[in-house]
Amino acid sequence: MTSNTSQVLKDLLDEISSRSPMTMGYPVSKDFDYSELLPFLEYPLNNVGDPFIPSTYAVGSRELEKQVIEFLARLFRAKEDNWWGYVTNGGSEGNLYGLYLARELYPKAIVYYSEATHYSVQKNLHLLNMPNIAIRSQASGEIDYDDLEKTISINRQVPVIILANIGTTMTEARDDVAKMKTIFKHLAIQHHYIHVDGALSGGYAAFLEPRPAFDFEDGADSIAVSGHKFFGSPIPCGMVIAKKSHRDRIASSVDYIGSLDTTISGSRNGHTPLFLWYTISKLGMEGLRQRTMDCLDVAEYAEFILKQAEPQAWRNPDTLTVNIPKPGEELIKKWQLASGKEWAHIICMPGMQKAQIDAFVKDLELHKAGQLALAH
Ligand SMILES: *Cc1c(COP(=O)(O)O)cnc(C)c1O
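Residues numbered from 1 in each chain as written. Predicted model: local features only at pLDDT ≥ 70, side-chain atom pairs only at ≥ 80, totals over all residues. Heavy atoms only, no water.

Visitor: In this structure, what is going on with the site of the ligand? I would like to understand it.
Guide: The full set close to the ligand counts 13 residues, and Gly91, Ser92, Asp197, Ser226 and Lys229 are the nearest of them. With respect to the ligand, the side chain of Ser92 contributes an N or O atom lying 2.6 Å from an oxygen atom. Note that a nitrogen atom of the ligand is positioned 2.6 Å from one of the side-chain N or O atoms of Asp197. The element contributing the most residues to the shell around the ligand is helix α3 (residues 91-105), with three residues. Across the shell around the ligand, the residue classes break down as two nonpolar, nine polar and two charged. (Near = heavy atom within 4 Å. Polar contact = N/O pair within 3.5 Å; in protein donor to acceptor, adjacent residues only side chain to side chain. Helix = DSSP H or I, 4+ residues; strand = E, 2+ residues; numbered from the N terminus. Nonpolar A, V, L, I, M, F, W, Y, C, P; charged D, E, K, R; others polar.)

Listed below in structure tokens is the structure:
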């Protein structure tokens, strides 16, 4: 029995390690080394409840979790003393949380989001039972502001909640939060809330020049980011950060844990904040900026050589995602490409090597010549 257990694990590890370098289409970083954190696996860490209020359960990492959130608050230009957040199980939970806060503030609002929005948002809106309207997107994937303004103007009597994308899943298009604020002004909309889905580009948007309009100073009320994407984590995770004044409206105290029940989950992962804190503290602002620039370099290279094999390849400015017409199934499977109806993409996350892109382009050429089977 024991030897069988070891064999099963060994087989799984072999399979994972051989597949990992072929993940071209999904936005995960693979360049981390968290071996210094291994001893923490011997403890049942749990950051139950609100990270900013100590719990009577004291085996956890809330101090470092708070530092992670504070770092993001600074990065996202939150107002001094008006920010709050926690480490989530991923971008989807952060979006659920942002929409939940928005609903508590404006229970009668309509939610607007572009048709390029991540599939999980529809489910979240369904869970929260919030009325919502999808808005057209432009060819780039960015929201169509004319359609947005027209649609809001028809419903001027109800508060507006917008879910803005800072990096759509397919083309990494970024909606402009400042333009949304202008629309509110045009239409004299007084009650509005903007939640930013920064799952994909939220981790590095602040390092881009020009800086996309997406953060608190630009007009966001809450922002969700995935932790396993740009920062990198062996366990999926994320961060949500919101104006503290918003979260104060939903806070309720729970005697059992001695903390506030302000988070979606009760028990919360105490290990994932360690991974995020480790990366942030090792790299700092400058290291993360460099990490962004390195990825952009690789993406520029990828776009350049992909265009030679596939002239229709394209990329939105300052993004890590290179789009190509959807190739056949065998290529999609071999390189784990993410694809829609007509397009597929590769995404140049930290850890992606130029050699991998070269190998992919070689396969793409063979594939186009009908000879991919010869390549392996
Ligand atoms: C990845 C992603 C999500 C979901 O985030 P998870 O961390 O997978 O839960 C939501 N929105 C966008 C734009 C994404 O790219």
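Visitor: Would you explain the side chain of Thr88 in this entry?
Guide: Topologically, Thr88 is positioned in strand β1 (residues 84-88). By relative accessible area, which is 3% here, Thr88 ends up buried. With residues up to four places along the chain from it excluded, the contact list for Thr88 reads Glu93, Gly94, Cys237, Gly238, Met239 and Val240. (Buried < 20%, exposed > 50% of the residue type's maximum accessible area, 1.4 Å probe, protein only. Contact = heavy atoms within 4.5 Å.)

Visitor: Would you take a moment to explain the sheet that holds β1 for this structure?
Guide: Read across the sheet, seven strands follow the order β1-β7-β6-β5-β4-β2-β3 without closing on themselves; strand pairing throughout is mixed. Two strands in the sheet have a free side with no partner beyond their single neighbour: β1 and β3 (132-135). Between one strand axis and the next, the sheet turns through 15° on average, direction left out of account. Here strand β2 (residues 110-114) pairs with strand β4 (residues 160-165) via four bridges, running parallel. Across the sheet, the residue bridging to Tyr113 is Leu163, located in β4. (Pairing = 2+ DSSP bridges. Axes fitted to C-alpha atoms, helices over the stretch in contact; angles between N-to-C directions.)

Visitor: Would you explain the environment of Lys150 in this entry?
Guide: Structurally, Lys150 can be placed in helix α5 (residues 145-154). Lys150 sits in the exposed class, given a relative accessible area of 52%. Separated by 15 residues in sequence, Lys150 and Ile135 place their C-alpha atoms 9.9 Å apart.

Visitor: Please explain empty space enclosed by the protein as it appears in this structure.
Guide: Rolled over the atoms, a probe as big as a water molecule pinpoints where empty space is left. Applying the stated criterion to the full structure yields two cavities of 30 Å³ or more. Considered as a void within the structure, the largest cavity measures approximately 50 Å³ in volume. As for the largest cavity, its lining consists of Tyr86, Val87, Thr88, Asn89, Glu93, Ser265, Ser267, Arg268, Asn269 and Thr272. Here the element with the most residues in the lining of the largest cavity is β1; it accounts for three residues. Among the residues forming the lining of the largest cavity, the class breakdown is two nonpolar, six polar and two charged. Lining of the second largest cavity is provided by Thr23, Tyr26, Val28, Lys30, Ile347, Met349, Pro350, Gly351, Met352 and Gln356. (1 Å grid on protein atoms, 1.4 Å probe; cavity = no way out; pocket = protein on both sides within 12 Å on 5 of 7 lines; lining within 4 Å. Points joined across faces, edges and corners; volume = space filled by probe spheres on them.)

Visitor: Help me understand the packing of aromatic side chains, please; the structure alone is not making it clear to me.
Guide: Two aromatic rings, taken as a pair, are described by how far apart their centres are and by the angle between their planes. Summed over all chains, the structure comprises 13 aromatic pairs. Seen from their ring centres, Phe76 and Phe214 are 5.5 Å apart, and the 85° between their planes marks the pair as edge-to-face. Note that Phe76 is positioned in the loop between α2 (62-75) and β1 and Phe214 in the loop between β5 (192-197) and β6 (222-226), a separation of 138 residues in sequence. Each member of the pair Phe76 and Phe214 is classed as buried. Here Tyr86 and Tyr97 contribute two aromatic rings whose centre-to-centre distance is 5.4 Å and whose plane-to-plane angle is 85°, an arrangement assigned as edge-to-face. (Phe/Tyr/Trp six-rings, centres within 6.5 Å; stacked < 30°, edge-to-face > 60°.)

Fair warning: the whole summary comes from geometry, so function is off the table for now.
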